[in-house]
Amino acid sequence: MITLKGAEVSAKIKEQTAEMLKQCGGRIPKLAIVRVGESPDDLSYERGAVKKMAAFGLSAEVYAYPADIDDEAFKAEFQKINEDPEVDGILLLRPLPKQIHERDIERMIDPEKDLDGISPENIAKVFAGDSSGYAPCTAEAVVETLKAFEIPISGKRAVIVGRSMVVGKPLSMLLLK
């Protein structure tokens, strides 16, 4: 049995990121973390993401909205973030409150900025085996961890517990690819 430690993988990715940043001509890529409400789980995830981005020399900005924001107002705010040329990636903390139509937001997000693979275009690419799309980050992290530890995937049998569109189904497709 092999114990897979994420810290080792993270260190390798940090080195790769430093090399990529050298090619950005001094421009630091910016992540927009979009949160609605004050869920303790979301706040914890947000703190971790901001801290990790800073540790990698990347920029993160939190866009926080009250839990009672209405659908129309949130869509207007989300569109501003989506269209901001300074924002390179968007991480939307979900689930959104019931008054916001999450499917509409999934359709709105620019696929090039969709770092969690929620847009219909990115989901379709993941399910088609097209690596030009973005898969949900947790599913992608599992595959990257296996690669980092040089664990062959091809020809193996795998059991995935769960069938969510966040981890289970996309991970199944990534492993099949």
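Above this text you will find the structure in question.
Just so we're clear, the structure is a prediction, and the values are computed from it rather than from any experiment.

1. Some details on the overall build of the protein
Summing up its helical and strand segments, the protein has 7 helices and 3 strands in all. Taken over the C-alpha trace, the protein has a radius of gyration of 17 Å; the compact-globule value for 177 residues is 16 Å, and the two agree within 12%. For the protein, the spread of C-alpha atoms along the principal axes amounts to about 50 × 40 × 30 Å. Of all 177 residues assigned to the protein, the portion counted as buried reaches 36%. At a minimum sequence separation of 6, the contacts of the protein that also span at least 24 residues come to 69%. Summing over all exposed atoms, the protein offers an accessible surface of approximately 10900 Å²; the carbon and sulfur share of this is 56%. Charged side chains of the protein number 24 positive and 29 negative; the gap between the two group centres comes to 7 Å.

2. A look at the pairing of strand β2 (residues 59–65)
By the bridge criterion, 7 bridges tie strand β1 (residues 30–36) to β2 in an arrangement that is parallel. Bridging across to β2, Leu31 finds its partner in Ala60. Viewed along the sheet, the connection from β1 through helix α2 (residues 40–55) into β2 turns out right-handed.

3. Describing the sheet that holds β2
Here we have 3 strands laid out as an open sheet, ordered β2-β1-β3, and parallel in their pairing. Here the strands that pair on one side only, and so sit at the sheet edges, are β2 and β3 (89–92). Pairs of neighbouring strands in the sheet enclose a mean axial angle of 20°, with direction left out of account. In this structure, β1 lies alongside β3, joined through 4 bridges in parallel fashion.

4. Focus on the packing of aromatic side chains
With the rule as written, the count across this model stands at 2 aromatic pairs. With centroids separated by 5.7 Å and ring planes inclined at 85°, the aromatic side chains of Tyr65 and Phe74 adopt a geometry described as edge-to-face. Between Phe74 and Phe78, the ring centres sit 5.9 Å apart and the planes meet at 35°, which makes this aromatic pair tilted. Of this pair, Phe74 and Phe78 both sit in helix α3 (residues 71–83), 4 residues apart, which is roughly one turn of that helix. In this structure, Phe74 and Phe78 share a single accessibility class: buried. An aromatic cluster of at least three residues, connected via ring pairs, comprises Tyr65, Phe74 and Phe78.

Rules behind the numbers
Residues numbered from 1 in each chain as written. Predicted model: local features only at pLDDT ≥ 70, side-chain atom pairs only at ≥ 80, totals over all residues. Heavy atoms only, no water. Helix = DSSP H or I, 4+ residues; strand = E, 2+ residues; numbered from the N terminus. Rg over C-alpha atoms; globule rule 2.2 N^0.38 Å. Buried < 20%, exposed > 50% of the residue type's maximum accessible area, 1.4 Å probe, protein only. Contact = heavy atoms within 4.5 Å. Areas by Shrake-Rupley, 256 points an atom, 1.4 Å probe, with all protein chains shown as cover. Lys, Arg positive; Asp, Glu negative; His and termini not counted. Charge placed at Lys NZ, Arg CZ, Asp CG, Glu CD. Pairing = 2+ DSSP bridges. Right-handed = clockwise from strand over helix to strand, strands pointing away. Axes fitted to C-alpha atoms, helices over the stretch in contact; angles between N-to-C directions. Phe/Tyr/Trp six-rings, centres within 6.5 Å; stacked < 30°, edge-to-face > 60°.

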